[in-house]
Amino acid sequence: MKKVLILTCSTGEGHNSAARAIEAALKTQNIECELADPISFKSEWMKNIVSSLYNDTIRKAPAVFGAVYKLGDLYASTKLPSPVYWANSKYAGILRQYIEENHFDAVICTHLYGMEAMTAIRKDAGFRIPCFGVLTDYVCIPFIADADLTGMFVPTEEVRQELIQKGRPPESVILTGIPVSHVFRDHPPKAEARKMLGIPEDKKVFLVMTGGVGCENMEGLCRKLVGALGEQDLVIVMTGKNEALKNMLDEQYTCSRKLRTVAFTTEVASYMAAADVLLSKSGGLSSTEAAVANIPLVHIRAIPGCETYNATYFSSHDISLWAKNDDDAVRYARELAYNKEKADHMVNMQRKYVNPNAAEQIIQEVEKACDTMG
């Protein structure tokens with residue numbers, strides 16, 4: 001395997017994070033690779049519109065996203081031709097030309113759009129380049145069973161069996177886990193991370209993550225969390241790209257030593273390493289990153305759809321506690337921060353159920369398929 005195209009999509013940060021994790025693992029093995037958004041092959045304008053619409057919906061109207069997700073599930077159950085496949089097949093010809101002209105040996109997709117486009121391309125028997133999908137949530141999303149690829153990498157045996165029941169050949173559905181950057185696995189010790197980030201060593205640190213786009217309505221949770229914690233506790237809120245949320249919290253807690261905000265940063269792994277407990281939305285990637293980093297985790301504000309399935313899987317396996325409201329979130333966070341037995345049990349369950357080496361395993365499987373098909 002000499003050259004790999006990775007197709008991702010900027011609908012949230014998760015798909016891009018998985019793509020970058022695979023990219024880094026490929027480069028470690030001196031395998032040339034390139035990242036691209038498949039929608040950009042239709043038009044750069046369309047790519048930006050899709051990204052903005054998705055991110056605004058997640059941040060401002062998560063219930064709308066949940067309703068759309070449920071509609072997608074219902075439509076997929078009808079077995080009618082997929083509208084997602086139809087839309088992404090429209091640029092399949094241009095994408096195929098790009099793949100062949102640039103001599104890629106394999107294609108890896110971390111988003112459904114790329115998977116559907118590659119499915120359209122593979123309908124031509126003359127196309128022989130192996131292509132793969134990577135699921136980035138702990139559930140089969142709507143229309144994923146339509147994707148007819150060389151292989152599909154999944155996070156759990158439950159998801160693997162569900163895809164097989166939906167018609168995917170068993171040998172093509174491979175259990176690897178979700179790929180995350182090696183920095184979450186190889187993070188610095190807590191004391192070193194705190195020194196690097198300027199965090200006092202003598203405080204219990206509660207890290208709150210609001211997602212890459214920074215979800216709305218976090219003020220109430222922050223107020224309850226700060227109110228319930230002592231002087232030796234510190235709340236750090238990662239506000240993502242939501243400047244309005246950051247400005248609001250900064251203004252409200254100007255004189256407080258119990259809360260600080262952090263805008264969008266590439267040092268997420270270091271902040272996880274420095275914290276005693278993490279309160280986070282239940283995105284597939286962010287949840288996996290937390291589990292690989294072995295930080296006690298409280299899931300909050302799950303958006304209906306993928307995130308509720310993620311939170312259900314994690315909490316049912318003791319990999320997280322799922323708070324259904326802000327009061328529960330504060331209580332669970334305090335329990336994990338101050339009860340070492342509970343925190344240690346959760347970390348042990350994270351090590352049991354979450355593969356920290358998924359990116360490397362995916363590359364091995366892709367190389368194996370390329371050798372077989374070559």
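In what follows, the structure referred to is the one given above.
Residues numbered from 1 in each chain as written. Predicted model: local features only at pLDDT ≥ 70, side-chain atom pairs only at ≥ 80, totals over all residues. Heavy atoms only, no water.

*Asks:* Where do I start with the overall build of the protein in this structure?
*Replies:* In terms of helices and strands, the protein carries 17 helices and 12 strands. Here the protein holds 374 residues, and the buried ones make up 54% of them. The contacts of the protein with a sequence gap of at least 6 include a subset with a gap of at least 24, amounting to 69%. A total of about 16700 Å² of accessible surface is found on the protein, and carbon and sulfur atoms cover 52% of it. (Helix = DSSP H or I, 4+ residues; strand = E, 2+ residues; numbered from the N terminus. Buried < 20%, exposed > 50% of the residue type's maximum accessible area, 1.4 Å probe, protein only. Contact = heavy atoms within 4.5 Å. Areas by Shrake-Rupley, 256 points an atom, 1.4 Å probe, with all protein chains shown as cover.)

*Asks:* Help me understand the sheet that holds strand 11 (residues 297-299), please; the structure alone is not making it clear to me.
*Replies:* The strand order 9-8-7-10-11-12 describes an open sheet built from 6 strands, whose pairing is parallel. Unpaired on one side and paired on the other, strand 9 (259-263) and strand 12 (321-322) mark the two borders of the sheet. Where strand 8 (residues 233-240) meets strand 9, 5 bridges bridge the pair, whose relative direction is parallel. Across the sheet, the residue bridging to V235 is L259, located in strand 9. (Pairing = 2+ DSSP bridges.)

*Asks:* Even after reading the chapter, I still don't get the pairing of strand 1 (residues 3-7), so can you show me in this structure?
*Replies:* Within a regular strand, side chains alternate between the sheet's two faces. Counting buried positions over the 5 residues of strand 1 gives 5, a clear majority of the element. The alternating pattern of strand 1 places K3, L5 and L7 on one face and V4 and I6 on the opposite face, and all of these are buried. Where strand 1 meets strand 3 (residues 106-109), 4 bridges bridge the pair, whose relative direction is parallel. Its bridge partner lying in strand 3, L7 is registered against C109.

*Asks:* Is there a simple way to think about unusual backbone geometry in this case?
*Replies:* With glycine set apart, most residues show a phi of negative sign, and most peptide bonds adopt trans. We note that H103 has phi near 55 degrees; this positive angle belongs to a residue other than glycine. Among the secondary structure elements, H103 is positioned in the loop between helix 5 (92-101) and strand 3. One non-glycine residue, R301, lies in the positive phi region at around 50 degrees. You can see R301 is positioned in the loop between strand 11 and helix 14 (306-316).

*Asks:* What exactly am I supposed to notice about helix 10 (residues 219-228) here?
*Replies:* Residues separated by three or four positions in an α-helix point in the same direction, a consequence of the helix having 3.6 residues per turn. The complete set of buried residues in helix 10 reads G220, L221, C222, L225 and V226. On the buried face of helix 10, the contacting elements are strand 7 (204-209), strand 8, helix 11 (243-252), strand 9, strand 10 (277-280) and helix 15 (326-338).

*Asks:* Just checking my understanding: could you explain helix 17 (residues 358-373) for this structure?
*Replies:* Across its 16 residues, helix 17 extends 23 Å between first and last C-alpha, which sits within 8% of the 22 Å expected from 1.5 Å per residue. Of all the positions in helix 17, only A358, A359, I362, I363, E365, V366, A369 and C370 are classed as buried. An end-on view of helix 17 places all buried positions within 165 degrees of arc, on one side of the element. Exposed residues on helix 17 whose side chains face more than 90 degrees from its buried face are D371 and T372. (Expected span 1.5 Å × (residues − 1). Arc of directions from axis to C-beta.)

*Asks:* Hey, could you run me through the side chain of H299 in this one?
*Replies:* Mapped onto the fold, H299 is located in strand 11. Within polar-contact distance, the side chain of H299 engages the side chain of S287 at 2.8 Å. Filtering out sequence-adjacent residues up to four positions away, H299 remains in contact with S280, K281, S282, S287, A311, F314, S320, L321, W322 and A323. (Polar contact = N/O pair within 3.5 Å; in protein donor to acceptor, adjacent residues only side chain to side chain.)

*Asks:* Would you explain the pattern of salt bridges in this entry?
*Replies:* Side-chain pairs of opposite charge can arise where the charged atoms are in close proximity. For the structure on display, the rule yields 20 salt bridges. In this structure, the salt-bridge partner of E157 is R160, at a minimum N-O distance of 3.4 Å. Placement of both E157 and R160 in helix 7 (residues 157-165) is noted, with a separation of 3 residues, approximately one turn of the helix. For E360, the salt bridge is made with R185, and the minimal N-O distance between the two is 3.7 Å. (Salt bridge = Lys/Arg side-chain N within 4 Å of Asp/Glu carboxyl O.)

*Asks:* What should I look at first to understand the sheet that holds strand 4 (residues 131-134) in this one?
*Replies:* Each strand in a sheet pairs with its neighbour through backbone hydrogen bonds, running either in the same direction (parallel) or in the opposite one (antiparallel). Strand order in the open sheet formed by 6 strands is 2-1-3-4-5-6, and the pairing between neighbours is parallel. Looking along the sheet, the strands with just one partner apiece sit at the ends: strand 2 (32-36) and strand 6 (173-175). Neighbour-to-neighbour, the strand axes of this sheet turn through a mean angle of 20 degrees, independent of strand direction. In the packing of helix 7 onto the sheet, contacts are made with strand 5 (151-154) and strand 6, and the angle to strand 6 comes to roughly 175 degrees. (Axes fitted to C-alpha atoms, helices over the stretch in contact; angles between N-to-C directions.)

*Asks:* Quick question: what am I supposed to make of the pairing of strand 8 here?
*Replies:* Within strand 8, 8 of the 8 residues are buried, which leaves the element mostly enclosed by the surrounding structure. The two faces of strand 8 match: D233, V235, V237 and T239 on one face and L234, I236, M238 and G240 on the other face are all buried. Of the pairings in the sheet, the one linking strand 7 to strand 8 comprises 6 bridges and is parallel in character. Note that in strand 8 the partner of M209 across the bridge is M238. After leaving strand 8, the chain enters helix 11 and then returns to the sheet as strand 9, a path that is right-handed. (Right-handed = clockwise from strand over helix to strand, strands pointing away.)

*Asks:* Even after reading the chapter, I still don't get the nonpolar core, so can you show me in this structure?
*Replies:* Note on soluble globular proteins: their nonpolar side chains tend to be buried together. Judged by nonpolar contacts, the single largest core of 60 residues is most densely connected at F206, L207, V235, M272, L279, V298 and I300. Non-local contacts of V298, meaning those with residues more than four positions away in its chain, are made with V277, L278, L279, S280, L321, A323, A329, Y332, A333 and L336. In terms of nonpolar packing, the next biggest core, distinct from the first, is built from 32 residues, A36, A117, C131 and L149 among them. (Core = buried A, V, L, I, M, F, W, Y, C linked by side-chain atoms within 4.5 Å.)

*Asks:* Which parts of the structure should I look at to understand the side chain of S280?
*Replies:* Among the structural elements, S280 can be located in strand 10. Classification of S280 as buried rests on a relative accessible area of 3%. Other than its neighbours up to four places away in sequence, S280 contacts M209, S286, L297, V298, H299 and I300.

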